[in-house]
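# Coordinate inspection notes
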Amino acid sequence: MKFLQDNVTEIKIAYLGGGSRGWAWGLMSDLASCDDISGQVALYDIDFQAAKDNEIIGNQFRTVEGVRSDWHYQAVKTLPEALSGADFVVISILPGTFDEMESDVHAPEKYGIYQSVGDTSGPGGILRAMRTVPMFEEIAREIKAHCPNAWVINYTNPMTLCIKTLYRVFPKIKAFGCCHEVFGTQKLLACMVEETFGVKNIDRHEIKVNPVGINHFTWLTSAFWQDKDLFPYYKKFCQKYREGYQSGDGQIDSNWMNNSFVSTEKVKIDLFLRYGYIAAAGDRHLAEFCEGKWYLENPEKVSEMQFGLTSVAWRKNDLKERLEKSRRLRSGQEQVTINGTGEEGVNQIRALLGLCDLVTNVNLPNKGQIPNLPLEAVVETNAFFCSGSLTPVLAGPVPLEIYPLIARICGQQESLSEGIAQRDLHKIFAVFANDPLVTCSLADAKKLFQEMCRNTEKYLSMYDLSAQL
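Let me begin by describing the structure that accompanies this report. (Residues numbered from 1 in each chain as written. Predicted model: local features only at pLDDT ≥ 70, side-chain atom pairs only at ≥ 80, totals over all residues. Heavy atoms only, no water.)

## Concerning the overall build of the protein chain
- The helix and strand inventory of the protein chain stands at 17 helices and 14 strands.
- Split into buried and exposed, the 469 residues of the protein chain put 55% on the buried side.
- In the protein chain, of all internal contacts separated by at least 6 residues, the share reaching a separation of at least 24 is 71%.
- Of the roughly 19,300 Å² of accessible surface on the protein chain, 49% is carried by carbon and sulfur atoms.
- Averaging the coordinates of the 48 positive side-chain charges in the protein chain and doing the same for the 58 negative ones gives two points 2 Å apart. (Helix = DSSP H or I, 4+ residues; strand = E, 2+ residues; numbered from the N terminus. Buried < 20%, exposed > 50% of the residue type's maximum accessible area, 1.4 Å probe, protein only. Contact = heavy atoms within 4.5 Å. Areas by Shrake-Rupley, 256 points an atom, 1.4 Å probe, with all protein chains shown as cover. Lys, Arg positive; Asp, Glu negative; His and termini not counted. Charge placed at Lys NZ, Arg CZ, Asp CG, Glu CD.)

## Looking at the pairing of strand β7 (residues 174–177)
- Pairing analysis gives four bridges linking strand β6 (residues 151–154) to β7, with the strands arranged parallel. Along β7, the bridge assignment pairs Val 152 with Ala 175.
- In this fold, the crossover linking β6 to β7 by way of helix α6 (residues 159–169) has right-handed handedness. (Pairing = 2+ DSSP bridges. Right-handed = clockwise from strand over helix to strand, strands pointing away.)

## Here's the deal with the packing of aromatic side chains
- Taken as a whole and judged by the stated rule, the model has 19 aromatic pairs.
- With 5.2 Å between their ring centres and 80° between their planes, Phe 176 and Phe 385 make a pair best called edge-to-face. Placement of the pair is Phe 176 in strand β7 and Phe 385 in strand β13 (residues 378–386), with a sequence separation of 209 residues.
- Taken together, a centroid distance of 5.0 Å and an interplanar angle of 15° make the contact between Phe 217 and Phe 289 stacked. On the criterion of sequence distance, the pair formed by Phe 217 in strand β9 (residues 217–225) and Phe 289 in helix α10 (residues 283–289) is long-range, its members being 72 residues apart. For the pair Phe 217 and Phe 289, one class covers both residues: buried.
- The side chain of Lys 228 reaches across the aromatic face of Phe 197, ending 5.4 Å from its centre.
- If you follow Arg 423 out to its NZ or CZ, it ends over the ring of Tyr 463, 5.7 Å from the centre. (Phe/Tyr/Trp six-rings, centres within 6.5 Å; stacked < 30°, edge-to-face > 60°. Lys NZ or Arg CZ within 6 Å of the ring centre and 35° of its normal.)

## A closer look at the nonpolar core
- Core analysis: the largest hydrophobic core is formed by 77 residues, its most contacted members being Met 130 and Leu 189.
- Residue contacts for Leu 189: discarding those within four places in its chain leaves Ile 207, Val 209, Leu 220, Ala 223, Leu 230, Tyr 234 and Ile 278.
- In this structure, Ile 13, Met 159, Ala 175 and Leu 358 belong to the second largest nonpolar core, which totals 68 residues. (Core = buried A, V, L, I, M, F, W, Y, C linked by side-chain atoms within 4.5 Å.)

## Observations regarding the packing of helix α4 (residues 98–106) against helix α5 (residues 122–146)
- Where α4 meets α5, the axes come as close as 8 Å, and the angle between the chain directions of the two elements is 145°. When α4 is examined against α5, the residues Glu 100, Met 101 and Asp 104 are found in contact with a partner set consisting of Gly 124, Leu 127, Arg 128 and Arg 131.
- When grouped by side-chain class, the residues that make up the contact of α4 with α5 number two nonpolar, one polar and four charged. (Axes fitted to C-alpha atoms, helices over the stretch in contact; angles between N-to-C directions. Nonpolar A, V, L, I, M, F, W, Y, C, P; charged D, E, K, R; others polar.)

## A look at empty space enclosed by the protein
- One pass over the full model with this rule turns up five cavities of 30 Å³ or more.
- Contributing to the lining of the largest cavity are 13 residues, with Thr 120, Ser 121, Ile 126, Gln 413 and Asp 435 lying nearest its centre.
- Mapped by element, the contributors of at least two residues to the lining of the largest cavity are α5 and α15 (403–421).
- The greatest single-element share of the lining of the largest cavity, amounting to four residues, is contributed by α15.
- Split by residue class, the lining of the largest cavity holds six nonpolar, six polar and one charged. (1 Å grid on protein atoms, 1.4 Å probe; cavity = no way out; pocket = protein on both sides within 12 Å on 5 of 7 lines; lining within 4 Å. Points joined across faces, edges and corners; volume = space filled by probe spheres on them.)

This is the structure we're talking about:
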């Protein structure tokens, strides 16, 4: 890197999962829109052709209208080649394929277990973790060998287990996990402020929040706009919209049922009215950390709560559309454009380079920022980014009202991390059987776990699947 007066050049970013047909394009757009950083991005993917496609697409951003910086993209064939000399490492991978995820999400349905995402908690999240953790062990070892001083930004789920693994294998790693779920809650609060105070165009950054919890099950213990405590207003808002809310005029559009990622915030609102604290993730994620009968008892209950079950069939169809878009982009049939993603990754890079200061939510090992959760457990709170440093903000304890919910999940993820590290199927199954969504009998839970392992055994060769539970 070269540090000039107002910018930094010759930065190297290693993008692991560089064949991505989504996150990678967003990063390219965000990088192109910055005028104070430039350099190269090494694209590594087990699908080398996908990385080559993104090399072509990424380099098209160098001449797109509105470009403010110059980034050179290059696909590489090996992980060491990508990491060697990297200043930053971005990890955004799919552990396995959508065929494995199809088992994760849909195999439990025969036992009456429904999942709206299946990538962080529930049976699907546990099986995904079993595949992901060994991959992250290798990534951590390679980072230690080839770029030990690099900042590592992870977007891959299950977020908590990914970050936990990076630090377990390489304790001195400078890694953190990014998630935009809190941003969505800030946007909801901004809509509430506009409606309540008759103002317009409130940006989410104007809503100052204190997140406490674990990834995808983060809660806000305070929220302010200017000098106004938003909790009393949010209570009235939730009472008004207990049957659901959508931005705009607040009225429910029946088309929400046609989009797996849209909800009417009904789960989030219900949780606030139950506990008095703001659940700060999307309804699809929040529902999976609660008791299975609350929001995910069956598709009819999901419909009543007005959020979606994101099927893997939908994801596969979406991938086909993104593959077609990739073809159009790399051939020039469709032009790349600069559209801000709203993610914080590039601003985090800028802050760590000393070009700005930033406070935002991230996932880090607990050093006391949440004093009533286990030390070293990965938690989500605000953190302060500035030149060469990342410091978690003291968020305070999890409030007593929601402590049982969060502590249970935190403890399970700690146990799951240990079980996977030891390749101990008995420990892993103990977590599986105790998951809030696993509402079937213990005997059926054992059958389901064994079936899901067999379905994805191609990626589980490091476990002794013949062991008796």
